[in-house]
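Overview (structure and organization)
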Amino acid sequence: MRWLPSAIAALSLVVPVSHAAAPGPAAAAPACRAGTAPYQRELERELRLPVDGRQSAADCEAIRRLQERLGIRPADGSATLRTYRFLVADKIRRNPAERRACPVKPYRVTCVDLTRQILWAQSGNRLVFAPVPIRSGRDGLETRRGWQRIYWKHRDHYSTIYHVPMPYAQFFNGGQALHGTRTDLFSSGSGGCVNLAVDDARRLYDLLQKGDRLYLWGTKPGTGG
C-alpha cells in the first residue's frame, strides 16, 4: 500500500483518547479576608446586605464581586471610599433619576455634584460623558457653586500657586478649573479646583469647548460649604 505524505501528516496529528490531557479542576478563588473598613455601612446599604457596619464573609465576597464588575483594583472586598464612589458613579450612570439635581438644558451641561463627589456631562436627558469620581476644594477653599462657564483651556497648565501640574485644565471661575491630577482623589481635597483622574480629564478636555456651561451644587463632605 502506498502512503501519501498528506495521510502520514494526518496520522501524526491523532492523539489517543487515553493520552489526551484532561481539564484540571478550576482553581478556587482565594478566601476574601478584608476586614471592616470606613465605608462598610454605606456599601452594605447599597448592596442590600445586613447593615451592621461589621465586615462578614458574605459582605467581603459581595464587595469583591462589585469591585470586579467595576474594574476596581485590587478587588479585595474592602469597603473603601474609592469603591463607594465608583459604585455611586455607576448608579448615576444607570439610573436617570439619580441625575435629576442637574438642570436639563437643550445644550451641553457639565454636572458637578459636590456632595457625592461625582461629575458627568449631559445634553438634554442624554449622557455625553459618563459619571466619574472627582475631588473638589477642601475646607476653607471650597469649590464655587452655581452656574459657571469655561473661559480658558490649557492642556499643559502648571500652577504657580501650588507648584503642581494641572494637565487638561479648563478654567471656570478665577483660578478654579477642571483638571487632571495624579494624586489620590479619595483623600483630603483640592485648593478649589475640581480634580479628575488624568485620563478622565483628557477625555473631558477633548469633549468640552470654551463657553461650555457647568452647574455645581451641594457640599463636599467634611467642609463648611
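Below: a short report on this structure. Per chain, the residues get numbers from 1 upward, laid out in the order the sequence is written. With pLDDT at 70 or above as the cut-off, local features in this predicted model cover only qualifying residues; side-chain atom pairs require 80 or more to be listed or tallied, and sums for whole chains, interfaces and linings still use all residues. In computing side-chain properties, one takes all heavy atoms of the structure into account and sets aside hydrogens as well as water.

1. Focus on a nonpolar patch on the surface
- A grouping of Leu141, Ile161, Tyr162 and Val164 is seen on the molecular surface, where their side chains present a nonpolar patch of about 370 Å² in accessible area.
- Its location among the elements puts leucine 141 in the loop between β3 (126–133) and β4 (146–149).
- Taking relative accessible area as the criterion, leucine 141 reaches 33% and is therefore assigned partly exposed. For patches, a residue must show more than 30% relative accessible area and have no salt bridge; joins then use 9 Å for like charges and 5 Å for nonpolar side chains, namely Val, Leu, Ile, Met, Phe, Trp and Tyr. Accessible areas in this description were obtained via Shrake-Rupley with a 1.4 Å probe; residue shielding takes into account the shown protein chains only. Whenever Lys or Arg places a side-chain nitrogen within 4 Å of a carboxyl oxygen from Asp or Glu, that contact is recorded as a salt bridge. Only runs of H or I of at least four residues qualify as helices and only runs of E of at least two qualify as strands under DSSP, and these elements are numbered from the N terminus. In this scheme, a residue with accessible area under 20% of its type's maximum is buried, one over 50% is exposed, and one in between is partly exposed, where area comes from a 1.4 Å probe on protein chains only.

2. Here we look at the packing of aromatic side chains
- Two rings belonging to Phe, Tyr or Trp (six-membered ring only in the last case) form a pair when the distance between their centres is within 6.5 Å. Interplanar angles under 30 degrees mark stacking, angles over 60 mark edge-to-face geometry, and anything in between is tilted. What the rule picks out here adds up to eight aromatic pairs.
- Each ring, one from phenylalanine 86 and one from phenylalanine 186, has its centre 6.2 Å from the other, and the planes form 50 degrees; the classification is tilted. Of this pair, phenylalanine 86 sits in helix α4 (residues 81–94) while phenylalanine 186 sits in the loop between β7 (176–181) and β8 (194–197), placing them 100 residues apart in sequence.
- Since its relative accessible area comes to 29%, phenylalanine 86 is described here as partly exposed.
- Classification of phenylalanine 186 by relative accessible area gives buried; the value is 18%.
- Members of the aromatic cluster, connected to one another through ring pairs, are Trp120, Trp147, Tyr215 and Trp217.
- Sitting over a ring, as applied to charges here, requires NZ of Lys or CZ of Arg to be within 6 Å of the ring centre and within 35 degrees of the ring normal. When the ring centre of tyrosine 205 is taken as reference, the NZ or CZ atom of lysine 153 above it lies at 3.9 Å.

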